[in-house]
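A look at the structure
The primary structure of each chain is shown beneath.
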Amino acid sequence: MKVLLPTSVPRGLRLDADQRDVQVVAYDPDEPIPAHHRDAEVVVAWMNPRHQVVAMAETLPNLRWVQCLGSGPESFLTAGFAPQVRITRGIDLHNVPVAEHCIALLLGAARRLDLARDAQSTSRWASELGGNQLATRSGFTRIHGSQFVIWGLGRIGHAIADRLTAMGGSVQGLGRSSGVRHGIRVAALEDAGEVLADADALIAVLPDRPSTAKAIDRSIFEQLPTHSWFVNVGRGGTVDEHALVEALRQGTIAGAALDVFTEEPLPPDSPLWYAPNAIITPHSAGGRPEGVDELVNENLRRYRTGRELLGMLR
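Throughout this document, residue positions are counted from 1 along each chain, in the order its sequence is written. With pLDDT at 70 or above as the cut-off, local features in this predicted model cover only qualifying residues; side-chain atom pairs require 80 or more to be listed or tallied, and sums for whole chains, interfaces and linings still use all residues. For the side-chain quantities, the full set of heavy atoms in the structure was used; hydrogens and water were omitted.

Under the scheme used here, helices are H or I runs from DSSP no shorter than 4 residues and strands are E runs no shorter than 2 residues, and both carry numbers assigned from the N terminus. Along its length, the protein chain carries ten helices and 13 strands. Expected size for 314 residues packed as a compact globule is a radius of gyration near 20 Å; at 22 Å, the protein chain falls within 12% of this value. With the C-alpha coordinates of the protein chain rotated into their principal frame, the extents come out at 70 × 45 × 35 Å. Counting across all 314 residues of the protein chain, residues that qualify as buried make up 49%. Note on contacts: a residue pair qualifies if any of its non-hydrogen atoms lie within 4.5 Å across the two residues. Across the protein chain, the fraction of contacts at a sequence separation of at least 24, relative to all contacts at a separation of at least 6, is 60%. Accessible surface area values rest on a Shrake-Rupley calculation with a 1.4 Å probe, where residue burial reflects the displayed protein chains alone. Summed over its atoms, the accessible surface of the protein chain is roughly 15300 Å², and 50% of this surface lies on carbon and sulfur atoms. In this description the radius of gyration comes from C-alpha coordinates, and the expected globular size is given by 2.2 Å times residues to the power 0.38. For each residue, the accessible area found with a 1.4 Å probe, counting protein chains only, is set against the maximum for its type, and the residue is called buried under 20%, exposed over 50%, and partly exposed in between.

Okay, here's the thing in structure tokens:
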């Protein structure tokens, strides 16, 4: 069986002993698949441009399975792959990297590292950020003792929750239905006000779906306290960015730490660049999947024995 592996995975793929008969062939994700490798049955995908994904669907007649390494590879579902081609996502590969980035954004917001960096760029000692902070600072200034709401309490959301609780924070969830998931109380969307009213930060880890388009809108921001921060490490299309900019300008919320945007790269003329108290990172929360060898080997075993694959999208 031939498996195509993108060169965007620089360390290659370590096959387990029971997979030694699998032929792994490297391919450049930015180029068309060479004609002599278009007989491949399996493709591993990572950082593949959209037009090359579509070309794969059109030019690989023997293809039966695409293993995406991204956590939310929505573009593969609309690329035109034949019905018999299974598509799987990079389940659990991004839990730790995204969770750590989220914690970094929260700490940056709480300690106002953005303002400290701005002051450093002009050789200014930002005395307002130090000294007697009991007198000079209020609101969200630390993780310990703060209350967080995570909207999108999936695997990545739970990884974030684990780290927040380990640091002394309290976590509640927000979702389509209420309940308790892995020990975390989740409120239904119709009861969002009950959990948002006391939140020091709202963390979004929502996927890109028609049902989540601009779900985080003015009404959500208005239910948060004025000292609360908004953090997005999910998908940019889930946020009404116009409403977010207005919330920042009007002081409806204290700030926003954003890693994802409706349009990426974020256009130079986007008002988010200049919105007060906005921290922006360039969709860098992920980008370093962990456990690729283990996932691909396990799914190869499942594929070859006819079992359901991990991370099935279709």
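Here, strands pair whenever DSSP counts at least two bridges between them. Read across the open sheet, the five strands follow the order β2-β1-β3-β4-β5; overall the sheet is parallel. Looking along the sheet, the strands with just one partner apiece sit at the ends: β2 (23-27) and β5 (86-88). Strand after strand, the sheet turns through a mean of 20 degrees between neighbouring axes, direction not considered. Relative to strand β3 (residues 42-45), strand β1 (residues 2-6) runs parallel, the two sharing two bridges. When the bridges of β3 are listed, Val3 appears paired with Val42. Here an axis means a line fitted to C-alpha atoms, over the contact stretch when the element is a helix, while the angle between two N-to-C directions is reported on a 0 to 180 degree scale. Here helix α10 (residues 292-304) sits on the sheet in contact with β1, β3, β4 (65-68) and β5, set at roughly 160 degrees to β4.

What follows covers helix α9 (residues 241-250). Within α9 the residues assigned to the buried category are Glu241, Ala243, Leu244, Val245, Ala247 and Leu248. In this fold, the buried residues of α9 make contact with α8 (218-222), β11 (229-232), β12 (255-258) and β13 (278-280). Just beyond α9, the residue with positive phi is Gly251, at close to 80 degrees.

Let us look at unusual backbone geometry. A cis amide bond links Glu264 with the next residue in sequence, Pro265, at an omega value of -5 degrees. Within the secondary structure layout, Pro265 lies in the loop between β12 and β13.

On to the sheet that holds strand β8 (residues 179-181), then. The strand order across the open sheet formed by eight strands is β8-β9-β7-β6-β10-β11-β12-β13, and the pairing between neighbours is mixed. At either margin of the open sheet sits one strand with a lone partner, and together these are β8 and β13. This sheet shows a mean twist of 25 degrees between the axes of neighbouring strands, independent of strand direction. Inspection of the sheet shows β8 paired to strand β9 (residues 184-188) by three bridges, in the antiparallel sense. Bridge pairing in β9 places Arg181 opposite Ile184. Along the sheet, α9 contacts β11, β12 and β13; its crossing angle with β12, the most-contacted strand, is approximately 140 degrees.

Grouped together as the largest cluster of nonpolar side chains are 30 residues, with contacts concentrated most on Leu106, Ile160, Leu164, Ile203 and Val233. Residue assignment for this core shows that the elements contributing at least two residues are α3 (95-110), β6 (147-151), α6 (155-166), β9, β10 (201-204) and β11. At eight residues, the largest contribution of residues to this core is made by α3. Residue contacts for Val233: discarding those within four places in its chain leaves Val98, Cys102, Leu105, Ile160, Ala204, Val205, Asp259, Val260 and Ala285. Residues Phe230, Val239, Ala243 and Ala275 belong to the second largest nonpolar core, which totals 29 residues. Nonpolar cores were defined as sets of buried Ala, Val, Leu, Ile, Met, Phe, Trp, Tyr and Cys residues, with membership established by side-chain atoms within 4.5 Å.

A few words now on the packing of aromatic side chains. Put simply, two rings from Phe, Tyr or Trp (the six-membered ring, in Trp's case) pair if the centres are within 6.5 Å, and we call them stacked under 30 degrees between planes, edge-to-face over 60, tilted for the rest. Counted under the stated rule, the structure contains four aromatic pairs. Relative to Phe148, the ring of Phe140 has its centre 5.9 Å away and its plane inclined at 85 degrees; by these criteria the two rings are edge-to-face. Grouping residues by exposure puts Phe140 and Phe148 together as buried. Here the aromatic rings of Phe221 and Phe230 are separated by 5.5 Å at their centres, their planes lie at 75 degrees, and the arrangement is edge-to-face. Given the relative accessible area of 1%, Phe221 is considered buried.

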